[in-house]
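If you want the building blocks of each chain, they are given just below.
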Amino acid sequence: MRVLGIETSCDETGVAVYDTQCGLLSDLLYSQVAMHADYGGVVPELASRDHVRKLLPLIREALQQAQTTATQIDGVAYTQGPGLVGALLVGAAVGRSLAWGWQRPAVAVHHLEGHLLAPMLEEKPPRFPFIALLVSGGHTMLITVEGVGRYNVIGETLDDAVGEAFDKTAKLLDLGYPGGPRLEQVAKQGNADRFQGRSRFPRPMTDRPGLDFSFSGLKTFALNTLHANEHDAQIRADIALAFQTAAVETLAIKCQRAIRETGIHRLVVAGGVSANRALRARLNHMAKKEQAEVAYPRMKFCTDNGAMIAYAGALRLQAGEMEPAEFEARARWPIETLTAL
Ligand code: KG4
Ligand code: ZN
């Protein structure tokens, strides 16, 4: 089965062709990052308009690269949510209409299911069951995954997502947009001994039981630390490092706790923040201690992409799932409501 996958939930237009026999045939991404950088964050209306401009040319190119004609496409998968409604509507309208025109089934994909199945595109896919740490700009969740569509959220953030905290901290340190990757770069110049004792950055909610997170206080702690010091490049690097270490440490503590509480010794890390090398190093260290396996998507499939949507869509289409001849976009969509395959 050959599937066209479309991702337009935020500021990346992603298109891919996935074949259940031959694997990934093409995977293209148009990032709007440069356009939103002028505003310091994603402007929803501009995002929607840019998806309108870029989506059809990108689909044409993806089919060409996959050496596939429209008649060889067996189904179309598009991200239905969660995300920015205007941006989602572009992918949903185009995806659903193409499927209608081509007389093929269309399937609506949950963006987070796409993320957490992305490591399945690797040579050695993780086996079920596993614990997924989903860390993106909009979500921070621990989920037990018994199989495709069998998700149980065992922990989530009570306020900011960890990617959002990276972005906001980067912004207050004047590191520009997108914040996460820039903060990681700048942290390399940081002095790890700078903030100790009372000025040590907290590891929020690790001193009490449970698997939930809270990252907004960490960002405020970074802001207060910045105000309390002379502003120069070194203090910014020191704060970046202290923030990143605290965030990473907090995620690792909760993952370790989840492994111990569930007895599941397989961890899958996905979403934009899973590209962070400090996080990967810390989680690998923890997993070794717990005798657990840990899997990540390849770097380019950590952040939003069409491949993960084509893949998740292919699994659902193969199971006979399809949408009626209409479409909708869902800003919110609890992952636990998905049907099990
Ligand atoms: O999954 P994603 O592309 O989009 C959402 O679904 O939200 O994740 C984007 C988030 C942003 O907050 C971005 O700053 C963060 O992932 N991110 C990183 C890194 N690369 C992306 N955060 C920390 N370190 C990175 N290297
Ligand atoms: Zn995402």
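Preceding block: the structure.
Below, the structure is looked at part by part. (Residues numbered from 1 in each chain as written. Chains lettered and ligands numbered in written order. Predicted model: local features only at pLDDT ≥ 70, side-chain atom pairs only at ≥ 80, totals over all residues. Heavy atoms only, no water.)

## Quick word on the pattern of salt bridges
This structure, assessed with the given rule, holds 13 salt bridges. Note that Lys300 is salt-bridged to Asp27, the shortest N-O span being 2.8 Å. Within this pair, whereas Lys300 is found in the loop between strand S10 (293-295) and helix H10 (306-318), its partner Asp27 is found in strand S3 (residues 23-31), the two being separated by 273 residues in sequence. The partner of Arg316 in a salt bridge is Glu113, and the shortest N-O contact between them spans 2.7 Å. Of the two residues, Arg316 is situated in helix H10 and Glu113 in helix H4 (residues 111-117); the sequence distance between them amounts to 203 residues. The pair formed by Arg316 and Glu113 is uniform in burial state, with each residue classed as buried. (Salt bridge = Lys/Arg side-chain N within 4 Å of Asp/Glu carboxyl O. Helix = DSSP H or I, 4+ residues; strand = E, 2+ residues; numbered from the N terminus. Buried < 20%, exposed > 50% of the residue type's maximum accessible area, 1.4 Å probe, protein only.)

## Some remarks on the coordination of the zinc ion (ligand 2)
Here the zinc ion (ligand 2) is held by His111 (NE2), His115 (NE2) and Asp304 (OD), and the distances to it run 2.0 to 2.1 Å. Mapped onto the polypeptide sequence, the residues donating to the zinc ion (ligand 2) form the spacing pattern H-x3-H-x188-D. Of this pair, His111 and His115 both sit in helix H4, four residues apart, which is roughly one turn of the helix. (Donors = N, O, S within 2.8 Å, 3.2 Å for Na, K, Ca; no water.)

## Details of the sheet that holds strand S5 (residues 106-110)
Note on sheets: strands pair through backbone hydrogen bonds, and any given pair is parallel or antiparallel. Strand order across the open sheet formed by five strands is S3-S2-S1-S4-S5, with mixed pairing between neighbours. Single-partner strands in this sheet number two, and they are S3 and S5. Averaged over all neighbouring strand pairs, the angle between strand axes comes to 20°, with direction disregarded. (Pairing = 2+ DSSP bridges. Axes fitted to C-alpha atoms, helices over the stretch in contact; angles between N-to-C directions.)

## A few points about the packing of aromatic side chains
Per the counting criterion, the structure on display carries six aromatic pairs. Relative to Phe221, the ring of Phe201 has its centre 4.8 Å away and its plane inclined at 65°; by these criteria the two rings are edge-to-face. With Phe201 in the loop between helix H6 (179-187) and helix H7 (216-227) and Phe221 in helix H7, this pair connects stretches of sequence that are 20 residues apart. Here Phe201 falls in the buried class, since its relative accessible area comes to 1%. Judged by centre distance (5.9 Å) and plane angle (15°), the ring pair of Phe213 and Phe215 falls under stacked. The class for Phe213 is buried, based on a relative accessible area of 0%. The rings of Phe195, Phe201 and Phe221 are connected pair by pair, giving a single aromatic cluster. Over the aromatic face of Tyr30 sits the side chain of Lys54, whose NZ or CZ is 4.3 Å from the ring centroid. Taking the ring centre of Phe213 as reference, the NZ or CZ of Lys254 above it sits at 5.7 Å. (Phe/Tyr/Trp six-rings, centres within 6.5 Å; stacked < 30°, edge-to-face > 60°. Lys NZ or Arg CZ within 6 Å of the ring centre and 35° of its normal.)

## Structural notes on the sheet that holds S10
Pairing is mixed across the open sheet formed by five strands, whose spatial order is S8-S7-S6-S9-S10. A strand with exactly one partner marks an edge of an open sheet, and here the two such strands are strand S8 (150-156) and S10. Neighbour-to-neighbour, the strand axes of the sheet open up by a mean angle of 25°, direction not taken into account. Sheet topology places strand S7 (residues 140-147) next to S8; six bridges connect them, and they run antiparallel. Along S8, the bridge assignment pairs Thr144 with Asn152.

## Observations regarding the pairing of S5
A large share of S5 lies buried, amounting to five of its five residues. In this fold, strand S4 (residues 75-81) hands off to helix H3 (residues 85-102), which returns the chain to S5; that crossover is right-handed. (Right-handed = clockwise from strand over helix to strand, strands pointing away.)

## Points about the environment of Asp159
Looking at the element boundaries, Asp159 is found in the loop between S8 and helix H5 (162-172). It is 6.3 Å that separates the C-alpha atoms of Asp159 and Ser216, two residues lying 57 residues apart in sequence. Residues within four places of Asp159 in sequence aside, it is in contact with Ser214, Phe215 and Ser216. In terms of polar contacts, Asp159 uses its side chain to reach the backbone amide nitrogen of Phe215, at 2.8 Å. (Contact = heavy atoms within 4.5 Å. Polar contact = N/O pair within 3.5 Å; in protein donor to acceptor, adjacent residues only side chain to side chain.)

## Observations regarding the layout of surface pockets
Its volume calculated, the largest pocket comes out at about 1500 Å³. What lines the largest pocket is a set of 49 residues, among which Cys10, Ser136, Gly137, Gly138 and Asp167 lie closest to the centre. If you tally residues by element for the lining of the largest pocket, the top one is H5, at six residues. Residues of the lining of the largest pocket, tallied by class, amount to 20 nonpolar, 18 polar and eleven charged. One number sums up the size of the second largest pocket: a volume of about 170 Å³. Contributing to the lining of the second largest pocket are Asn191, Ala192, Arg194, Phe195, Gln196, Arg200, Phe201, Arg203, Asp238, Leu241, Ala242 and Thr245. Across the lining of the second largest pocket, the residue classes tally to five nonpolar, three polar and four charged. (1 Å grid on protein atoms, 1.4 Å probe; cavity = no way out; pocket = protein on both sides within 12 Å on 5 of 7 lines; lining within 4 Å. Points joined across faces, edges and corners; volume = space filled by probe spheres on them. Nonpolar A, V, L, I, M, F, W, Y, C, P; charged D, E, K, R; others polar.)

## Thoughts on unusual backbone geometry
With an omega of -10°, the peptide bond running from Phe128 to Pro129 counts as cis. Mapped onto the secondary structure, Pro129 falls in the loop between H4 and strand S6 (130-135). In this model, Tyr177 is joined to Pro178 through a cis peptide bond whose omega is 0°. Position of Pro178 among the secondary structure elements: in the loop between H5 and H6. Here Gln67, not a glycine, exhibits a phi torsion of approximately 50°, which is positive. Among the structural elements, Gln67 can be located in the loop between helix H2 (44-65) and S4. Positive phi is not limited to glycine here, since Gln103 has a value of about 55°. Along the chain, Gln103 turns up in the loop between H3 and S5. You can call Gln103 exposed: its relative accessible area is 70%.

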